[in-house]
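Structural characterization, general
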Amino acid sequence: MNDHKPVGAPAAAGLPECPAELLELRSRVAEFVRSRVMPVEPVLDAGGPAARTELTRLQAEARAAGLWALPLPAELGGQGVPLAAYAHLAEAEGTSDHGPAALGSAPLLDVLMLDRHAAPAVRERFLRRITAGEVRTCYAMTEPDTPGTDPARTATRAEPGPGGQWTLHGRKWFTSGAGEADLVTVLARTAPDELSLLLVPTTAPGFRVLRELPVLGAGGQWEIELDGVTVPAGHLVGEPGAALRIAGERLRLGRVLRCLRWLGQATRAFELMCERATTRQQGDGRLADRQLVQQLVFDSLLAIRTTRPLVHEAAARLAAGQDARVETGLAKVAAARMLYQVADAAIQVHGAAGLGPDTPLPALFRAGRAARLLDGPDELHIAAVARRVLRPQASNGPDARKISPQSSW
């Protein structure tokens, strides 16, 4: 995917307030993604050996530039940028879908999950190697015949065996990165009323990648099968039956990170739209002089500006260890709608050129449409937030949480 050079759009898109000490770092991250990652997006999108070679080169350049693994724990080889600060960098990383992988922040969720919940031997063996980019990870939760919004119906099972080992049987799909992963964290039923997480090496006998699942024509999602895959007792992540608690912890942060990256992608689409409007002649004037185009620009800017505070509020609450379920739900739905709307408007302003391979707009539009399903469909979050808002509040209870449009709840 090739970008045109933006024309004054970054300021117009409205960046969030950023602590002064992060401004220079955010600028370096943005420049790295713009000048190094975006030019090779067609190769990275195609996958295969050439993509892996290109990604390895980018990762080496990120290390040399001092931009590697910014949010990952310092004791594991990352740079330890805390979430509250990293939120201001994640938009810049996410302007390209490949930015987080190139800069080493992509495994953040897996590293945090394993650091908190994995057995000491697993942490010692894998965590520094994952942070260094030597071991690639992914997460397998959704199944072909089970609604992803209802993990309690998970059919994949893990049966106990001699020495505490586990043998897994089942299938998972829409597993990001499974085609190249070294380790997969699998949600499985370890007892009739018990769901657990297990760490599975992809080299284990019985582990198979069945097929790639193109999402609206783009790759990166996979269907896998576990046919008698055996892992040692120490590969249980957390306690037996703790899967939903750990998954919920992971998903809340994952949703906020996605929202931050969707903001970056929407800003990219907005910049392209502004450039097209100001440089494209139609009749005796520019597209920018047409009221209908001005309306698309205004509505897109409004969508970005009104979504950004919601996303950063959710990130701030998570960083402070506060309940962020309502904020995360609001942010997820707003950010998904926003990316879809802005990418669609940018394509409209580009005309036929917005449908072809010469801009990143088809990929950004595809990301916007998929966003309304990823990490739970919009309908799930709408219902969950509404239930929490409408739940009777115990007026004198110590845990009562007052909810109003003006509060951060």
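Residues numbered from 1 in each chain as written. Predicted model: local features only at pLDDT ≥ 70, side-chain atom pairs only at ≥ 80, totals over all residues. Heavy atoms only, no water.

Turning to the overall build of the protein, a few remarks are in order. Along its length, the protein carries 13 helices and 10 strands. Computed over its C-alpha atoms, the radius of gyration of the protein comes to 22 Å, within 12% of the 22 Å expected for a compact globule of 409 residues. Here the C-alpha coordinates of the protein stretch approximately 80 × 60 × 45 Å along the principal axes. The burial tally for the protein puts 49% of its 409 residues in the buried class. Here the analysis covers contacts within the protein between residues at least 6 apart in sequence; of these, 70% occur between residues at least 24 apart. Accessible surface, the protein: about 18,800 Å² in total, of which carbon and sulfur atoms supply 55%. (Helix = DSSP H or I, 4+ residues; strand = E, 2+ residues; numbered from the N terminus. Rg over C-alpha atoms; globule rule 2.2 N^0.38 Å. Buried < 20%, exposed > 50% of the residue type's maximum accessible area, 1.4 Å probe, protein only. Contact = heavy atoms within 4.5 Å. Areas by Shrake-Rupley, 256 points an atom, 1.4 Å probe, with all protein chains shown as cover.)

Where helix α10 (residues 291-319) contacts helix α11 (residues 325-350), the two axes come as close as 8 Å, and the packing angle between them is 155°. Put simply, α10 runs roughly antiparallel to α11. Regarding α10 and α11, the two cross each other, and that crossing is left-handed. Residues V293, L296, D299, S300, A303, I304, T307, L310, V311, E313, A314 and R317 of α10 pack against E327, T328, L330, A331, A334, A335, M338, Q341, V342, A345, Q348 and V349 of α11. Its residues placed into classes, the contact of α10 with α11 shows 15 nonpolar, five polar and four charged. (Axes fitted to C-alpha atoms, helices over the stretch in contact; angles between N-to-C directions. Parallel < 35°, antiparallel > 145°, perpendicular 65-115°, else oblique. Left-handed = near helix turned anticlockwise from the far one by under 90°. Nonpolar A, V, L, I, M, F, W, Y, C, P; charged D, E, K, R; others polar.)

A large share of helix α7 (residues 108-117) lies buried, amounting to eight of its 10 residues. Listing the buried residues of α7 in full gives L108, L109, D110, V111, L112, M113, L114 and H117.

With that out of the way, let us pick up the packing of helix α9 (residues 243-279) against α11. One can describe the packing of α9 onto α11 by two numbers: an axis separation of 8 Å at closest approach and a directional angle of 20°. With respect to α11, the axis of α9 lies roughly parallel. Crossing handedness for the pair α9 and α11: left-handed. The residue inventory of the contact of α9 with α11, partitioned by class, reads 20 nonpolar, three polar and five charged.

Turning our attention to the nonpolar core. The biggest cluster of nonpolar side chains holds 91 residues, and the ones touching the most others in it are L114, L197, M338 and V342. Ranked by residues supplied to this core, first place goes to α9 with 17 residues. Beyond its immediate chain neighbours, meaning those up to four positions away, L197 contacts M113, Y139, T185, V186, L187, H235, L236, V237, A243 and I246. (Core = buried A, V, L, I, M, F, W, Y, C linked by side-chain atoms within 4.5 Å.)

Once that is clear, we can look at the pairing of strand β2 (residues 157-160). Where β2 and strand β3 (residues 166-176) come together, four bridges link them in antiparallel fashion. By the bridge assignment for β3, P160 is matched with W166. If you look at the hairpin formed by β2 and β3, you'll find five residues sitting between the two strands, and G163 has a positive phi there, around 70°. (Pairing = 2+ DSSP bridges.)

Tracing the backbone shows E379 in helix α13 (residues 378-390). Sequence separation between E379 and V333 is 46 residues, and the spatial gap between their C-alpha atoms is 8.6 Å.

Quick look at the packing of aromatic side chains now. Going through the model one piece at a time under the given rule, you end up with two aromatic pairs. Here W173 and F174 contribute two aromatic rings whose centre-to-centre distance is 4.9 Å and whose plane-to-plane angle is 70°, an arrangement assigned as edge-to-face. F174 gets classed as partly exposed once you look at its relative accessible area, which sits at 39%. Between R63 and the ring centre of W68, over which it is positioned, the NZ or CZ distance is 4.1 Å. The cationic tip of R250 hangs over the ring face of Y139; the distance from NZ or CZ to the ring centre is 3.9 Å. (Phe/Tyr/Trp six-rings, centres within 6.5 Å; stacked < 30°, edge-to-face > 60°. Lys NZ or Arg CZ within 6 Å of the ring centre and 35° of its normal.)

Before going further, it helps to spend a moment on the pattern of salt bridges. Under the criterion given, the structure shown has 27 salt bridges. Across the pair E327 and R317 runs a salt bridge whose closest N-O atoms are separated by 3.5 Å. Pair noted here: E327 is in helix α11 and R317 is in helix α10, with a separation of 10 residues, a long-range link. Connected through salt bridges with shared partners, the residues R36, E54, R57 and E61 form a single ionic network. (Salt bridge = Lys/Arg side-chain N within 4 Å of Asp/Glu carboxyl O.)

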